[in-house]
Each structure stands twice: as structure tokens, then as C-alpha cells.
Amino acid sequence: MSTILVTGGTGNLGALVVARLRGRGHEVRALSRSSAEYPVDLRNGSGLDAAMAGAEVIVHCASSPRGGDDVAARHLIASARRAGTVTNLVYISIVGVDVVPLGYYRTKLRVERMLEGSGLGVTLLRTTQFHDLVAQVTAAAAKLPLVPLPKGVRVQPIAVEEVADRLAELAGPAPAGRVADMGGPEIRTLQEWGRTYLAATGSRRRVVALPLAGKAYAGFRRGGNLAPAQAVGRTTFGEFLERRG
């Protein structure tokens, strides 16, 4: 059994990874700013060295679309080097970070490259967007009289539970490098997913296709965020909505 750190260990993905690893008998340290046992702030590195002591594996789930992931990674890498015991740092990334020039994606790609050049053993997993994100985007748009969703953008959502299963599998002592991407079982436009979400929630609001501009939008329209050859996910968006009630 290993001593494993999970950053973002109380988050949507991280909490599931923590539960799976503990179920396998590992000693798991769930890091977050609000943790009573391991209070860690990746933005400045405070508390990180104490939490890192004796750790063999890191599963790095912490992330913020508001920015700072590269700063957090810098602190994490430096602490892992000082500890000298870490043999595998597992990082969850996103399909398309290298082809869709969205600011958040560019930062995720920068973190990938930082890890690959860190001298540490690294495992990188890219997945498509979670079901939760598609639901959140549609719910936010549905606050308007009409429901505007980006025109021509296809999405391949995957269940966060299935990603947590895969991360737990990868959190062994040996690094695997860049592993095969994970994609959800179905590809549809955001308009189609939006209509599915609205129907499941009993809303009769009309979805409208919203043309956008810019290189990031063009990257999504080209399908840079998709992994059709790695459609390994099993849970459909409809099943996700049923489980949510």
C-alpha cells in the first residue's frame, strides 16, 4: 500500500478519487485549503512540505478556470523534489489542450509540459468534458428567456466517476507517461445536449444557436475537444440526468 496525496481532495473529482484509493487500502492525504488534517494552499505552497512528507504518489486534481494552475504546479513540483520520495505524479488534463487556444486550456498544457520537464515520474491523462459541465453550461444559459448555446460546438461528455476509477488505477508507484485519452460514449452538439437537459428538468424553453468568434471557438468547432477513437465511457448524458433526479 502507498501513501498518496490527492490535491483538490474535497472537489467533485478529487473526493471520488480519495474514496476509491482508500477503498483499496492506501493511506490517502486529501489536500485542500479547508482541510483540518492537511491544510494546503497551492497558490503559495503553504503547508505543502508537511503534507508531502513520505508520500510516494500524487494525484493532482486541483484546478481553477480562474487561473493559477501553473503556479500551483510549480509549488507542487518543488515540494515533490524536496521530499525525494515521490515516484509517480498523476495529472488530470483535458482533451484538446494542445489544439484549442482557450486560455484555461493553454495553462493546462503548460502544466503538462512543466511536469514532463520536472525530472519526476509522471502520468498524464486527458479526458473530455464531464457531464456536470454540460449541465452547468445549459443551466446557466437557461436563466435567460431563450437558451443561447454556441453554434456548431460538439461535446463528448464523460462521467466523473469513470474518470475517478481510471485515476485510481493509474495511482501506482510506476509512472506511465502520457496514457490513452478518455472520451464519453456519445458526441452531440451543445444544442442537442441542451435540449436533453431542458427536457429532463421539465423546461420548455427554446434553445438557440449562438454564433461566436475567435480562435478558441474555431478550435471547438473543428472538434479539437473530441476523442472519437477513445469513446471508452459507458454512462450516457441521459443516464447521468436520471441519476441526478
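Above this text is the structure in question.
Cut-off values and rules
- Residues numbered from 1 in each chain as written.
- Predicted model: local features only at pLDDT ≥ 70, side-chain atom pairs only at ≥ 80, totals over all residues.
- Heavy atoms only, no water.
- Buried < 20%, exposed > 50% of the residue type's maximum accessible area, 1.4 Å probe, protein only.
- Helix = DSSP H or I, 4+ residues; strand = E, 2+ residues; numbered from the N terminus.
- Arc of directions from axis to C-beta.
- Contact = heavy atoms within 4.5 Å.
- Axes fitted to C-alpha atoms, helices over the stretch in contact; angles between N-to-C directions.
- Parallel < 35°, antiparallel > 145°, perpendicular 65-115°, else oblique.
- Nonpolar A, V, L, I, M, F, W, Y, C, P; charged D, E, K, R; others polar.
- Phe/Tyr/Trp six-rings, centres within 6.5 Å; stacked < 30°, edge-to-face > 60°.

Enquirer: Go over helix α1 (residues 14-23) with me, naming the residues and quoting the values.
Expert: All of the buried residues along α1 are Gly14, Val17, Val18 and Leu21. The arc enclosing the buried residues of α1, seen along the axis, measures out at 100°, which places them on a common side. Against the buried residues of α1 lie β1 (3-7), β2 (27-31), β3 (57-60) and α6 (160-170). A positive phi of about 95° marks Gly25, the residue just after α1.

Enquirer: Please provide a residue-by-residue account of the environment of Leu5, values included.
Expert: For Leu5, the location among the structural elements is in strand β1. Residue classification places Leu5 among the buried residues on the basis of a relative accessible area of 0%. Not counting residues within four places of it along the chain, the set of residues in contact with Leu5 comprises Arg29, Leu31, Ala51, Met52, Ala55, Val57, Ile58 and Val59.

Enquirer: How would you explain the packing of helix α5 (residues 131-141) against helix α7 (residues 190-200) if you had to name every residue and give the values?
Expert: Here α5 crosses α7 at 80°, and the two axes come no closer than 10 Å. Put simply, α5 runs roughly perpendicular to α7. In this structure, α5 uses Val134, Ala135, Thr138 and Ala139 to contact α7, whose residues at the interface are Leu190, Trp193, Gly194, Tyr197 and Leu198. The residue makeup of the contact of α5 with α7, split by class, is seven nonpolar, two polar and no charged.

Enquirer: Hey, could you go over the packing of aromatic side chains for me, with residue numbers and the actual values?
Expert: The way to describe two aromatic rings as a pair is by their centre distance and the angle between their planes. Overall, the coordinates contain three aromatic pairs when judged by the stated rule. Seen from their ring centres, Tyr105 and Phe220 are 5.7 Å apart, and the 70° between their planes marks the pair as edge-to-face. With Tyr105 in helix α4 (residues 103-116) and Phe220 in helix α8 (residues 215-221), the pair connects residues that are 115 residues apart, well separated along the chain. Comparing Tyr105 with Phe220 shows no difference in burial state: the two are buried. Ring centres 5.2 Å apart and planes at 70° place the aromatic pair Trp193 and Phe237 in the edge-to-face group. With Trp193 in helix α7 and Phe237 in helix α9 (residues 237-244), this pair connects stretches of sequence that are 44 residues apart.

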